[in-house]
Amino acid sequence: MAMMKNPIVKLQCSDYGYDCTYSSSDRNISIVINNFQKHMSDKHFIDYSYETVLQFILRKQ
Ligand SMILES: [Zn+2]
């Protein structure tokens, strides 16, 4: 049985109204979310929960 590759998941700040070029992308959704959460906290001082960021991704699909 062939291995199914996960699609690349991508989140970028500019999609959410930020004047920022940061984007987080990976095939592992947890990595995308963790990196995006860290960036949001470090650079924009906003703490999004894991669930909230997950909803961002799910709504795009
Ligand atoms: Zn940003």
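Structure: above.
To keep things clear, this report deals only with the structure shown in the data block. Remember, it's a predicted structure, so these values are computed and weren't measured experimentally. (Residues numbered from 1 in each chain as written. Predicted model: local features only at pLDDT ≥ 70, side-chain atom pairs only at ≥ 80, totals over all residues.)

### Focus on the overall build of the protein chain
A count of helical and extended segments in the protein chain gives 2 helices and 2 strands. Its helices and strands taken in sequence order, the protein chain reads β-β-α-α from the N to the C terminus. Structurally, the protein chain occupies a C-alpha span of about 45 × 20 × 20 Å along its principal axes. Evaluated residue by residue, the protein chain yields a buried proportion of 11% over its 61 residues. (Helix = DSSP H or I, 4+ residues; strand = E, 2+ residues; numbered from the N terminus. Buried ≥ 20, exposed ≤ 12 C-beta atoms within 10 Å, placed from the backbone.)

### Thoughts on the nonpolar core
Leu11, Val32, Ile33, Phe36, Met40 and Val53 together form the largest nonpolar core, which totals 6 residues. If one sorts the elements of this core by residue count, helix α1 (residues 29-44) sits on top with 4 residues. Look past the residues within four positions of Met40 in its chain and what remains in contact with it is Ile46 and Tyr48. (Core = buried A, V, L, I, M, F, W, Y, C linked by C-beta atoms within 7 Å. Contact = placed C-beta atoms within 7 Å.)

### Things to note about the packing of α1 against helix α2 (residues 50-60)
Axis separation between α1 and α2 bottoms out at 10 Å; the angle between their running directions is 115°. Crossing hand, α1 versus α2: right-handed. Across the interface between the two elements, Ile29, Ile33, Phe36 and Gln37 from α1 touch Tyr50, Val53, Leu54 and Ile57 from α2. Residues of the contact of α1 with α2, tallied by class, amount to 7 nonpolar, 1 polar and no charged. (Axes fitted to C-alpha atoms, helices over the stretch in contact; angles between N-to-C directions. Left-handed = near helix turned anticlockwise from the far one by under 90°. Nonpolar A, V, L, I, M, F, W, Y, C, P; charged D, E, K, R; others polar.)

### Topic: α1
Taking 1.5 Å per residue as the helical rise, α1 with its 16 residues ought to reach 22 Å, and the 21 Å between its terminal C-alpha atoms agrees with that figure. For α1, every residue scored as buried is listed here: Val32, Ile33, Phe36 and Met40. Viewed along the axis of α1, the buried residues span an arc of 95°, placing them on a single side of the element. Relative to its buried face, α1 has exposed residues pointing more than 90 degrees away, namely Ser30, Lys38, Ser41 and Asp42. Its buried side turned inward, α1 meets β1 (9-12), β2 (23-26) and α2. (Expected span 1.5 Å × (residues − 1). Arc of directions from axis to C-beta.)

Any functional reading would require information beyond the geometric quantities listed.
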